[in-house]
Amino acid sequence: MKFGIVVFPGSNCDHDAYHVISKQVGQPVDFIWHRDTNLNSFDALIIPGGFSYGDYLRAGALARFSPVMDSVKKFAASGRFVLGICNGFQILCEAGLLPGALIRNRDLHFICEHVYVRVETSDTPYTNEIAPGTVLRLPIAHADGNYVCDDATLDELQRDQRIVFRYCDENGNVSAAANPNGSRDHIAGICNAARNVLGLMPHPERACEELLGSSDGRDIFRSLAATLAAVA
Amino acid sequence: MKAKVFVSLKPGVLDPQGKAIQHSVELLGFTGIADVRQGKYFEIALQDSADQEEAREAVARMAREVLSNPIIEDYRVEIEG
């Protein structure tokens, strides 16, 4: 199994993701410059966090037009795995690979802190090693993480159990107080209808070693690695 | 020829920046403000030889596909000869 990490001008969590895949998950991984379009050798892609194109216009709006993105769409359509973290989530929404949009945080601040999220479903390639209801402690670092969508989209996400992570308190209870950015229905991460594309605002790649304050993010990468091992 | 594109948040989409601006304006002493919504404004210079109707269509497409996110925003195009 081979992982690829797409690098845009302004990506800044690409090396964190590389470190986790190579050192924690122990799998081959390569960077993919945003002008490259050949993704044939990869089984899973990570669209990392950062500030692609300086967040100009809207977060993720300009990265959508990078040459690599047409290939990413075909890659996703072929059923292979695409994980968007933070700015990667914003890019996947702008590209139409995930529904909805991420707007300015409710309280306008750039929030950089550890939060709790509840795993809502094990029925994704990214959470199949995690029991539903498990509370993960993960860092967030964003100004535009406030998830919005229309009522019909929300109904669909809820009905098909495509809300994968919700912000919660340390006991797993969701509430306005435990929702850092005002996201609709406390959404921290969602997947597409085929469940092979996942986007989330928290940074699991920054939470894979106790030294960094939490290792809860490792289960997400372990789940994906287990999925890939089963497919292979 | 110049195209002007106005992008605004759809009604109902929360605008925390607009709320903060309203609060600041009220601190200055202005009263009677019901709501402030923040948007974006683009000026696009076009070659003077361009056909006005074709230009309007082209700019509308830019507005739809790049300048706005149709999930959260509306746009309006004006062409000045």
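Read on for a plain summary of the structure. These numbers were taken from a predicted model, which means no experiment stands behind them.

1. Things to note about the sheet that holds strand S9 (residues 163-168) of chain A
Residue and element names in this part refer to chain A. A sheet is described by the order of its strands in space; here 9 strands give the open sequence S2-S1-S3-S4-S11-S10-S9-S6-S7, paired in mixed fashion. If you trace the sheet from one side to the other, it starts and ends with strand S2 (29-33) and strand S7 (135-142), each paired once. Direction aside, the axes of adjacent strands within the sheet are offset by 25° on average. Of the strand pairs in this sheet, strand S6 (residues 111-119) and S7 are connected by 8 bridges, and their pairing is antiparallel. Across the sheet, Arg 118 pairs through a bridge with Val 135, a residue of S7.

2. Digging into the packing of aromatic side chains
Counted according to the given criterion, the structure contains 4 aromatic pairs over all chains. Here the guanidinium or amino end of Arg 76 of chain B rests over the ring plane of Phe 6 of chain B, the centre of that ring lying 4.4 Å away.

3. So, the packing of helix H1 (residues 14-25) of chain A against helix H5 (residues 218-231) of chain A
Residues and elements named next belong to chain A. H5 packs onto H1 with a crossing angle of 70° between their chain directions and a minimal axis gap of 11 Å. Here H1 is positioned roughly perpendicular relative to H5, judged by the angle of their axes. From H1, Val 20, Ile 21, Gln 24 and Val 25 reach across to H5, where they touch Arg 218, Phe 221 and Ala 225. Along the lines of polarity and charge, the residues of the contact of H1 with H5 split into 5 nonpolar, 1 polar and 1 charged.

4. A short note on the pattern of salt bridges
Within the structure shown, the criterion is met by 21 salt bridges over all chains. Note that Arg 58 of chain A and Glu 73 of chain B form a salt bridge whose closest N and O atoms lie 3.8 Å from each other. Of this pair, Arg 58 of chain A sits in the loop between strand S3 (44-47) and helix H2 (68-77) while Glu 73 of chain B sits in strand S3 (residues 73-80), which puts the two residues in different chains. When sorted by exposure, Arg 58 of chain A lands in the same class as Glu 73 of chain B, which is buried. For the salt bridge of Glu 80 of chain B with Lys 4 of chain B, the shortest nitrogen-to-oxygen distance reads 2.8 Å. With a gap of 76 residues between them, Glu 80 of chain B in strand S3 and Lys 4 of chain B in strand S1 (residues 2-9) connect regions that are remote in the sequence. For Glu 80 of chain B, a relative accessible area of 33% translates into the label partly exposed. Lys 4 of chain B gets classed as buried once you look at its relative accessible area, which sits at 16%. One network of salt bridges, with partners in common, ties together Arg 58 and Glu 94 of chain A together with Lys 40 and Glu 73 of chain B.

5. Digging into the interface of chain A and chain B
Taken together, the contact between chain A and chain B spans 14 residues of the former and 15 residues of the latter. For the chain A and chain B pair, buried surface summed over both sides reaches about 1,200 Å², with 67% attributable to carbon and sulfur atoms. For the interface between chain A and chain B, the tally reads 1 salt bridge. Summed over the shared surface of chain A and chain B, the result is 6 residue pairs in polar contact (both at pLDDT 80 or more). Of all the secondary-structure elements, those providing two or more residues to the side of chain A that touches chain B are strand S5 (101-103) and strand S8 (146-148) of chain A. Its residues placed into classes, the side of chain A that touches chain B shows 6 nonpolar, 3 polar and 5 charged.

6. Comments concerning helix H4 (residues 151-159) of chain A
All names here are of chain A. When H4 is considered as a whole, its buried residues turn out to be Thr 153, Leu 154 and Leu 157. The arc that holds every buried residue of H4, seen down its axis, measures 100°, which confines them to one face. Relative to its buried face, H4 has exposed residues pointing more than 90 degrees away, namely Asp 151, Ala 152 and Arg 159. Check the buried side of H4 and you find it contacts S8, S9 and strand S10 (187-191). Where H4 ends, the next residue or the one after it, Gln 161, has phi of about 50°, a positive value.

7. As for the sheet that holds strand S2 (residues 39-45) of chain B
Residues and elements named next belong to chain B. Strand order in the open sheet formed by 3 strands is S2-S1-S3, with antiparallel pairing between adjacent strands. Each edge of the sheet is formed by a strand with only one pairing partner; in this case those strands are S2 and S3. Adjacent strand axes in the sheet meet at a mean angle of 15° when their direction is disregarded. Sheet topology note: the S1/S2 ladder contains 7 bridges and is antiparallel. Residue pairing across strands places Lys 2 opposite Ala 45, the latter belonging to S2.

8. Here's the deal with the environment of Asp 123 of chain A
All names here are of chain A. Here Asp 123 shows up in the loop between S6 and S7. By relative accessible area, Asp 123 is classed as partly exposed at 48%. Residues Asp 123 and Leu 211 lie 88 residues apart in sequence; the distance between their C-alpha atoms is 30 Å.

The rules behind the values
The numbers attached to residues start from 1 for each chain and follow its sequence in the written order. Going through the entries in the order they are written, you letter the chains from A and number the ligands from 1. pLDDT decides what is reported in this predicted model: residues at 70 or higher carry local features, side-chain atom pairs at 80 or more are listed and counted, and totals for whole chains, interfaces and linings draw on all residues regardless. Only hydrogens and water are set aside when side-chain values are computed; all heavy atoms of the structure are taken into account. By the convention used here, strands pair only if DSSP detects at least 2 bridges between them. Labels follow the DSSP assignment, with helices taken as runs of H or I lasting at least four residues and strands as runs of E lasting at least two, numbered in each case from the N terminus. Helix axes use the C-alpha atoms of the stretch in contact, all axes being lines fitted to C-alpha atoms, and the angles between their N-to-C directions lie in the range 0 to 180 degrees. Planes of paired rings set the category: under 30 degrees apart is stacked, over 60 is edge-to-face and the rest tilted, where pairs are Phe, Tyr or Trp rings (Trp by its six-membered ring) whose centres lie within 6.5 Å. Charge-over-ring placement is defined geometrically: NZ (Lys) or CZ (Arg) within 6 Å of the ring centre, and within 35 degrees of the ring normal. Roughly parallel means an angle under 35 degrees; roughly antiparallel, over 145; roughly perpendicular, 65 to 115; everything else is oblique. By definition, residues are in contact when any of their heavy atoms lie within 4.5 Å. When residues are sorted by character, Ala, Val, Leu, Ile, Met, Phe, Trp, Tyr, Cys and Pro go into the nonpolar class, Asp, Glu, Lys and Arg into the charged class, and all the rest, Gly among them, into the polar class. The term salt bridge refers to a pairing of a side-chain nitrogen on Lys or Arg with a carboxyl oxygen on Asp or Glu at a separation within 4 Å. Only protein chains enter the accessibility calculation, which uses a 1.4 Å probe; a residue is then buried when its area is under 20% of its type maximum, exposed when over 50%, and partly exposed in between. Once two parts are put together, the accessible area they lose, assessed with a 1.4 Å probe and summed over both, is termed the buried area. N or O atoms closer than or at 3.5 Å make up a polar contact, with two conditions inside protein: a donor-capable atom paired with an acceptor-capable one, and, for residues adjacent in sequence, both atoms drawn from side chains. Starting at the helix axis, one direction is taken to each C-beta atom, and the arc is that of these directions.

Remember that the coordinates give geometry; whether it matters functionally is a separate question.
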